[in-house]
Amino acid sequence: MGCGDVCPVVPGRRYLDRPVADPEGAPIGVVRIIRDEIDAHITELLDSLPSR
């Protein structure tokens with residue numbers, strides 16, 4: 001889910017690059033698996049953030 005070398009770098013920031021399969025042309029079952037992987041990455045990120 002990253003943009004590789006074209007991302008601007010801001011010092012002091014934490015960057016996460018999550019490899020995600022390209023869903024274009026994939027059967028719906030594969031797209032759902034990709035969706036679930038993205039959801040898991042987001043949930044993991046949210047759980048790691050400090051609560052306010």
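Structural data are supplied above this passage.
Residues numbered from 1 in each chain as written. Predicted model: local features only at pLDDT ≥ 70, side-chain atom pairs only at ≥ 80, totals over all residues. Heavy atoms only, no water.

Asker: Go over the overall build of the chain with me, naming the residues and quoting the values.
Answerer: The number of helices and strands found in the chain is 1 helix and 0 strands. Classification of the 52 residues of the chain by burial places 4% in the buried group. As displayed, the chain offers around 4,800 Å² of accessible surface, 58% of which is attributable to carbon and sulfur atoms. (Helix = DSSP H or I, 4+ residues; strand = E, 2+ residues; numbered from the N terminus. Buried < 20%, exposed > 50% of the residue type's maximum accessible area, 1.4 Å probe, protein only. Areas by Shrake-Rupley, 256 points an atom, 1.4 Å probe, with all protein chains shown as cover.)

Asker: Any chance you could break down a nonpolar patch on the surface for me, citing the residues and the numbers?
Answerer: Residues Leu16, Ile42, Leu45, Leu46 and Leu49 make up a contiguous nonpolar surface patch of about 430 Å² in total accessible area. Among the structural elements, Leu16 can be located in the segment before helix H1 (28–48). Residue class for Leu16 comes out partly exposed when judged on its relative accessible area of 42%. (Patch = residues over 30% accessible without salt bridge, like charges linked within 9 Å, V, L, I, M, F, W, Y side chains within 5 Å. Salt bridge = Lys/Arg side-chain N within 4 Å of Asp/Glu carboxyl O.)

Asker: Provide a residue-level description of the pattern of salt bridges, including the pertinent values.
Answerer: Proximity of charged atoms lets side chains of opposite charge pair with each other. Here the structure, examined in full by the defined rule, presents 2 salt bridges. The salt bridge involving Arg18 is made with Glu44; its shortest N-O contact spans 3.6 Å. With Arg18 in the segment before H1 and Glu44 in helix H1, the pair connects residues that are 26 residues apart, well separated along the chain. The exposure class of Glu44 is partly exposed, given its relative accessible area of 46%.

Geometric descriptors of this kind do not, in isolation, establish any biological role.
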